Amino acid sequence: MDVYLIQQIVNALSAGSLYALMAVGLALIFGILRLINFAHGDVMMVAAYIAAFSLFAGLPLPVAIVTMIAGTVLIGLAMERIAYRPIRGGPEVAMLLTSFAVGQILQNGTLLVTRLASQPVQIAFPTPDVLSGVVAIGAVTIPRVNVIGFGSGVIILAGVMLFLTRTRTGLSMHAAADDLPAAQLVGIRVNWVVAAAFALSAALASVAGLLYASQAGQINPFLGFSPVLKAFIAAVIGGFGSISGAVVGAYALGFLEVIPTALGGIADILPPGAVSPEIHDLLATVFPSALGSYRDAIVFVFLILMLLFRPNGILGGRAREDTP
Amino acid sequence: MRVLQMARPTLIVLLAASAALALLQLSGLAFWQGLAINFAIFVILVQALNLASGFTGVFSLGHIGFMAIGAYTSAILTLPLATKAEYLPNLPVWLEGVHLDMTVGPVPVGFVAATLIAGALVMVIAGLVGAVLMRLSGHFVAVATLGFLVIVRVVLFNADDITRGSRTFSNVAPYTNLWWAWGWAAIAIYMAWRLKFSGYGRAMFAQKGDRWAARSIGISILRPRLVAFVAGAFLSAVAGSLYAHFITSFSPTVFYFDLTFRVITMLVVGGMGSVSGAVIGTAIVLALAEALRRIEGATLLYGLGGILLAVFFIAVIIFRPSGILGQREIDLEQLVAWRPRRGRRRGPGSATPD
Amino acid sequence: MTVAPVVDVGSPMLEIDGLTKRYSGLVALSNYALDLRPGSIHGVIGPNGAGKTTLFNLLSGMVRPTSGTIRLFGVDMTNSPAHDVARAGVARTFQNIRLFGDMSALDNVKVAVQQRLPIGLAQSLLSTPAFRRREHEITERARETLERLGLAAVASRPASSLPYGDQRRLEIARAVATEPKILLLDEPNAGMNPTETADLLDLIRRLRDDLDLTIILVAHDIPLVMNLCDRIQVLNYGELIADGDPAMVRNNPDVITAYLGQASHA
Amino acid sequence: MLELTGVHVAYGNIRALQGISIRVGAGELVALIGSNGAGKSTTLKAISGLLRPSAGRIEFEGRDISRASTDVIVGLGISHCPEGRRVFGRLTVRENLLLGGITRPIAEVRSDIERVTTLFPRLGERMTQLGGTLSGGEQQMLAIGRALMSRPRLLILDEPSLGLAPMMVERIFEVIDDLKRGGLTMLLVEQNVHHALDSADRAYVLESGLITLEGPADVLRRNPQVEHSYLGR
């Protein structure tokens with residue numbers, strides 16, 4: 001039981017780090033532009049492919065990582081310049097739709113490149129040694145990628161927080177998110193700040209991509225869909241647009257997600273005789289073993305409830321009253 | 001007499017369309033017949049989204065979920081008894097005995113009934129979902145409806161006993177032909193058109209234009225949004241039923257984001273809020289996609305088509321954000337008589353600067 | 001001053017008591033009271049940020065008060081949603097014009113007229129004769145309203161393409177098309193020059209007389225209010241500092257200090 | 001110093017400015033008055049590059065800035081303190097000031113912050129407080145302080161007394177008078193016409209996008225039209 005619990009907690013923390021890396025990037029862009037960058041998941045996917053191809057080419061891991069980050073940052077900058085800048089300040093929905101299209105381009109582009117490289121659609125990710133295998137802590141064995149994922153997530157996020165609060169560029173991002181015209185009026189170069197935010201966001205997504213691919217072991221051009229949705233949910237839980245909220249929301253989501261998996265079929269995991277037969281039956285009915293496979297549905301119901309009742313997130317106060 | 005005169009252009013177009021369909025039917029060109037049925041199904045889907053989103057400004061990404069429910073419902077309802085017991089052995093008892101596979105003469109009444117039942121079921125679901133989600137606005141409603149799509153997919157994948165889960169659902173009777181598809185497409189166009197040029201449509205466009213102003217004249221925001229959402233859901237379910245009985249085997253993966261995005265592209269290209277624009281947008285994107293598919297096939301550059309379609313879509317959003325027609329309409333009368341633009345049909349949001 | 005037409009209603013038209021609105025600590029309106037006399041033109045003035053627009057948002061149900069009551073014809077409407085308030089007979093315009101910009105001027109008014117002339121969804125979908133008669137009636141009434149406001153010539157133009165003055169009048173047309181008992185006008189002459197303002201003054205009086213309206217007017221423009229209103233309230237920092245006829249308000253020392261200017265400027 | 005010649009600005013179909021010409025000489029305090037919606041804020045936004053004029057010319061110290069971006073304009077020495085204060089509510093007072101000096105070398109920003117806190121001791125006491133938690137008057141001081149951080153040669157003030165208690169209004173105008181004595185050139189939009197005309201050297205009256213009157217402040221104050229429309233006589 002203890003082992004099971006610890007494993008679930010580590011799973012939650014590891015998933016939380018991944019979501020946090022994604023959610024911070026999403027919240028950063030949303031805060032400044034009011035754009036839900038749906039293509040963010042595809043940026044992460046492309047990062048995984050760049051990493052895979054770099055490792056296939058025999059590049060050492062550090063070089064592969066640098067290549068991966070540089071490549072994704074370039075893609076982030078390109079999509080901002082080409083697709084998003086022309087419609088900046090336009091209707092929210094137009095920006096959202098554009099991000100769908102950008103996502104389609106990245107997916108199909110990856111498809112095309114893998115075809116040209118004579119690779120199948122789904123490829124096995126050459127997980128580097130440091131990210132494979134398990135770590136044993138007492139009786140508990142944990143995949144090493146989960147430990148490294150959690151650790152590197154925390155370190156990177158702390159670095160991002162420092163950057164955002166201690167540098168003029170970071171502060172400019174905050175200011176632009178707070179009040180874009182006022183930021184312009186004090187002389188902040190808004191184009192530059194937006195580009196920097198896209199670059200940072202892409203870099204974070206690329207780290208998430210490496211971790212995701214190492215965990216999954218396999219990559220395909222469509223893997224970004226689910227993580228971007230999860231990152232969105234995390235950002236909503238934390239109060240959309242707030243960076244620290246996104247981090248909190250991401251870890252909260254990590255825990256929220258293991259609950260159906262952990263509770264589903266809990267009746268069967270309990271040692272015999274641990275609870276009375278009546279309670280055993282009750283647990284079996286309320287938490288059927290199939291509960292875990294409904295995880296995404298449960299999480300989305302939660303999202304919808306959040307949007308309705310706490311649109312400012314679990315940390316945010318009451319929504320400011322809307323006035324004409 | 002006056003009524004007849006007013007209806008004349010509609011009649012002419014209907015007759016011409018019927019003649020074209022009959023010719024296509026007689027020609028035996030299977031590829032073109034298939035394409036025409038596809039076109040009709042997309043027209044219904046795009047009109048559904050047009051109602052739900054184009055008229056109201058509330059962006060729904062969930063309507064393909066309604067299509068999926070419609071497809072599965074109609075497919076299960078029309079399975080013959082013999083196949084059913086063997087194919088879906090674990091169906092709930094009350095569904096076991098249902099088999100809407102009867103025909104009266106050449107008319108598959110069971111199919112019609114199953115389609116209508118699917119539509120009704122989806123309307124109930126949409127009413128419940130919509131009553132909750134239509135309170136949101138902007139991109140939040142988009143993501144919440146996307147959440148609905150994910151929920152439908154998860155349920156379809158996991159409700160093995162009813163949907164066969166991730167396995168392909170086949171053995172669906174091929175009832176859908178040119179006439180059913182285009183008959184329903186005509187109904188969808190008619191529904192959208194009538195709604196647009198009624199008080200309901202005006203209320204929808206008004207709350208899209210300015211929420212506060214709409215409330216200030218007594219329009220409750222929720223009601224027109226909900227009417228549009230539910231009507232769109234009904235049409236999506238019909239499209240799902242037609243699709244199921246056209247393709248005859250499918251799995252939950254079909255009803256997901258790619259299809260959603262395809263329908264959105266068609267609507268945005270045609271002009272959100274324009275009934276005739278939706279048809280034109282569907283035709284353009286369908287033709288483009290088909291051409292690109294052939295190019296991909298010939299060059300083996302798979303993915304190129306998707307890239308070019310998305311680039312086209314972004315270009316439309318940047319350079320012609322309101323699509324080809326905006327919210328305007330092409331008048332049938334004008335189309336038939338080829339008169340100089342005099343009586344361009346005006347409706348909510350369709351005014352043109354003089 | 002014209003004699004106000006007497007509207008015969010059993011209960012008082014609009015009674016407001018202790019109306020207060022706070023936004024996270026900031027008091028936008030405090031303890032506001034009003035007993036509206038039918039047929040009058042009631043002015044509310046005060047510097048920017050004094051709470052005038054908050055008052056209108058409260059009166060039209062667009063914002064919920066922190067405390068206090070609003071009774072309309074004896075019915076408590078304090079927490080009613082905006083669309084119910086509108087149906088109960090309170091129409092408004094907005095300081096920053098809010099039209100349905102993509103819709104024609106005529107449709108802007110039709111969508112308001114139709115609130116009093118409903119028709120079923122099935123009738124609309126099937127385009128029955130009853131539906132067509134209703135549509136005809138709606139169009140006729142909308143045209144009449146446009147004509148009354150001098151906008152007949154621009155009926156088919158999109159609202160957003162109209163000149164500023166026409167947009168202001170179209171907003172009034174849309175409001176009166178809901179057949180209100182009370183009309184709230186928020187800075188109706190904002191951005192108008194003196195000639196246009198004078199025309200507007202006549203228009204407001206005419207509407208009041210022809211349509212038996214009671215009008216509440218929020219404005220910045222002191223001469224306009226002094227000219228038009230039977231009774232004036234002055235707001236300052238959310239507080240009511242004066243309430244009375246124009247002459248009384250003009251000479252109220254508090255008003256002079258807070259708003260019109262200190263005596264030293266005389 | 002600043003010269004607008006025949007400037008037009010349109011929002012879609014609405015022509016907000018229909019060819020206005022304004023001149024601000026070095027060391028002058030010029031007021032712009034007019035009713036709501038007359039185009040005062042639009043004029044200011046056009047000067048600071050938030051809006052592009054559709055026709056006409058805006059020159060600052062002989063340089064055409066009508067097409068320049070806002071950050072360039074701030075760099076040239078024009079600082080715009082916007083209507084409604086618009087301080088960064090989720091950033092601290094210090095961070096607000098720091099960002100005000102974003103166009104300046106970082107080394108000089110620190111001493112500039114000290115300069116601003118000498119002018120507004122209240123801000124000095126609240127350096128680590130979030131902008132959004134300040135009172136209205138403090139926010140206005142922060143907004144002015146932030147605008148001064150770029151060491152402007154021309155300061156644009158849009159409705160600095162809006163929504164402030166009378167005492168605070170007096171205080172703000174004292175600051176404006178101080179800045180004027182210090183030789184700063186200012187362009188002021190203010191609905192408190194008495195105060196504006198008291199402090200200003202010259203003024204323009206803007207109505208429906210056109211300049212209808214201009215002249216020395218004390219002459220305008222005695223103009224019957226101004227008295228009637230704006231002073232409530």
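Residues numbered from 1 in each chain as written. Chains lettered and ligands numbered in written order. Predicted model: local features only at pLDDT ≥ 70, side-chain atom pairs only at ≥ 80, totals over all residues. Heavy atoms only, no water.

J.: Before we move on, could you go through the overall build of chain D and cite the residues and values that matter?
T.: Within chain D, the secondary structure is distributed over 10 helices and 10 strands. Radius of gyration (C-alpha) of chain D: 17 Å, near the 17 Å computed for a compact globule of 233 residues. With the principal axes as the frame, chain D shows a C-alpha extent of 45 × 40 × 35 Å. Evaluated residue by residue, chain D yields a buried proportion of 57% over its 233 residues. Pairs at least 24 residues apart make up 65% of the contacts formed inside chain D by residues separated by at least 6 positions. Carbon together with sulfur atoms contributes 50% to the accessible area of chain D, which is approximately 9,100 Å² in total. (Helix = DSSP H or I, 4+ residues; strand = E, 2+ residues; numbered from the N terminus. Rg over C-alpha atoms; globule rule 2.2 N^0.38 Å. Buried < 20%, exposed > 50% of the residue type's maximum accessible area, 1.4 Å probe, protein only. Contact = heavy atoms within 4.5 Å. Areas by Shrake-Rupley, 256 points an atom, 1.4 Å probe, with all protein chains shown as cover.)

J.: Could you give an account of the pattern of salt bridges, naming the residues involved and the relevant values?
T.: All names here are of chain D. Counted under the stated rule, the structure contains 39 salt bridges over all chains. Between Glu59 and Arg57 there is a salt bridge, with the nearest N and O atoms lying 2.7 Å from each other. Under the relative-accessibility criterion, Arg57 is labelled partly exposed at 37%. Salt bridges sharing partners connect three or more residues here, namely Arg104, Glu108, Asp112, Arg115 and Arg151. (Salt bridge = Lys/Arg side-chain N within 4 Å of Asp/Glu carboxyl O.)

J.: Outline the interface of chain C and chain B, supporting the account with residue identities and numerical values.
T.: Accessible area lost upon the coming together of the parts is a frequently used measure of interface size. Taken together, the contact pairs 39 residues of chain C with 36 residues of chain B. Here chain C meets chain B over a buried area of about 2,900 Å², counting both sides, of which 61% is carbon and sulfur. When residues of chain C are sorted by the area they lose upon contact with chain B, Met62, Phe100 and Leu125 of chain C head the list and together hold 18% of the total. In this assembly, chain C and chain B are joined by 2 salt bridges. Between Glu135 of chain C and Arg202 of chain B there is a salt bridge whose closest N-O contact spans 2.8 Å. (Buried area = accessible area lost by both parts, 1.4 Å probe.)

J.: An account of the domain arrangement of chain C is needed here, citing residue identities and associated values.
T.: Residues and elements named next belong to chain C. Per the domain assignment, the segments of chain C are domain 1 (12-89 + 180-266) and domain 2 (100-178). Centre-to-centre separation of domain 1 and domain 2, based on C-alpha positions: 27 Å. Of the residues lining the interface, 19 residues belong to domain 1; the matching set on domain 2 comes to 12 residues. Summing the contributions of domain 1 and of domain 2, the shared interface buries around 1,200 Å²; its carbon and sulfur component is 65%. Contact with domain 2 buries area across many residues of domain 1, yet Pro180, Leu203 and Leu207 alone supply 32% of it, more than any other trio. Connecting domain 1 to domain 2 are 1 salt bridge. Arg148 is the salt-bridge partner of Asp210, the closest N and O atoms lying 3.6 Å from each other. Taken together, the connections running from domain 1 to domain 2 amount to 1 residue pair in polar contact (both at pLDDT 80 or more). Looking at the side of domain 1 that touches domain 2, the elements with two or more residues in it are helix H2 (82-87), strand E7 (182-186) and helix H7 (194-211). The element that contributes the greatest number of residues to the side of domain 1 that touches domain 2 is H7, accounting for 6 residues. Of the residues in the side of domain 1 that touches domain 2, the class split is 12 nonpolar, 2 polar and 5 charged. (Domains from an automatic or database assignment. Polar contact = N/O pair within 3.5 Å; in protein donor to acceptor, adjacent residues only side chain to side chain. Nonpolar A, V, L, I, M, F, W, Y, C, P; charged D, E, K, R; others polar.)

J.: Describe the sheet that holds strand E1 (residues 14-23) of chain C, and please don't skip the residues or the numbers.
T.: Adjacent strands of a sheet pair through backbone hydrogen bonds, lying either parallel or antiparallel. All names here are of chain C. The strand order across the open sheet built from 4 strands is E2-E1-E4-E5, with neighbouring strands paired in antiparallel fashion. Sheet topology places strand E2 (26-36) and strand E5 (75-76) at the edges, where each strand pairs with a single neighbour. In this sheet, strand E4 (residues 67-72) lies alongside E1 in antiparallel orientation, the contact comprising 5 bridges. Residue pairing for E4: Thr20 is matched across the bridge by Ser67. Packed on one face of the sheet, helix H1 (residues 52-59) meets E1, E2 and E4 and runs near 120° to E1. (Pairing = 2+ DSSP bridges. Axes fitted to C-alpha atoms, helices over the stretch in contact; angles between N-to-C directions.)

J.: Give me the lowdown on the nonpolar core, citing residues and values where you can.
T.: Ranked by size, the top nonpolar core spans 274 residues in total, and within it Phe169 and Phe250 of chain B together with Leu170 of chain C carry the most contacts. Looking at which domains feed residues into this core, each of domain 1 (12-89 + 180-266) and domain 2 (100-178) of chain C gives three or more. Every residue in contact with Phe250 of chain B, bar those within four places of it in the chain, is listed here: Ala71, Tyr72, Ala75, Arg167, Thr168, Phe169, Val172, Tyr243, Ala244 and Phe255 of chain B. Counting 44 residues, the second-largest nonpolar core is a separate cluster that includes Ile33, Val93, Leu97 and Leu184 of chain D. (Core = buried A, V, L, I, M, F, W, Y, C linked by side-chain atoms within 4.5 Å.)

J.: A description of the packing of aromatic side chains should follow, citing residues and the corresponding values.
T.: Under the definition given, this model contains 30 aromatic pairs over all chains. With a centroid separation of 4.7 Å and 85° between ring planes, the pair formed by Phe38 of chain A and Phe100 of chain A is classed as edge-to-face. Pair noted here: Phe38 of chain A is in the loop between helix H1 (2-33) and helix H2 (40-56) and Phe100 of chain A is in helix H4 (residues 92-116), with a separation of 62 residues, a long-range link. When sorted by exposure, Phe38 of chain A lands in the same class as Phe100 of chain A, which is buried. Between Phe261 of chain B and Phe313 of chain B, the aromatic rings sit 5.2 Å apart at their centres with planes inclined by 75°, giving edge-to-face as the arrangement. (Phe/Tyr/Trp six-rings, centres within 6.5 Å; stacked < 30°, edge-to-face > 60°.)

J.: Go over unusual backbone geometry, please, and point to the residues and values.
T.: For Glu179 of chain C, which is not glycine, the phi torsion reads 55° and is therefore positive. Tracing the backbone shows Glu179 of chain C in the loop between helix H6 (164-176) and E7. For Glu179 of chain C, a relative accessible area of 38% gives the class partly exposed. Although it is not a glycine, Arg85 of chain D sits at a positive phi angle of roughly 70°. Position of Arg85 of chain D relative to the elements: it lies in the loop between strand E6 (78-81) and helix H3 (93-100). Relative accessible area serves as the criterion here: at 15%, Arg85 of chain D is assigned to the buried category.

J.: Could you give an account of the sheet that holds strand E6 (residues 90-92) of chain C, naming the residues involved and the relevant values?
T.: All names here are of chain C. Spatial strand order, E6-E7-E8-E3-E9-E10: 6 strands in an open sheet with mixed pairing. Since the sheet does not close on itself, it has two edges, and those belong to E6 and strand E10 (239-244), each with one partner. Ignoring which end each strand starts from, the neighbouring axes of this sheet average 20° apart. Examined bridge by bridge, strand E3 (residues 41-45) and strand E9 (residues 231-236) share 4 bridges and lie parallel to one another. Residue pairing in the sheet places Gly43 in a bridge with Ile232 of E9. Each of E6 and E7 touches H6; the most contacted strand, E7, lies at about 160° to it.

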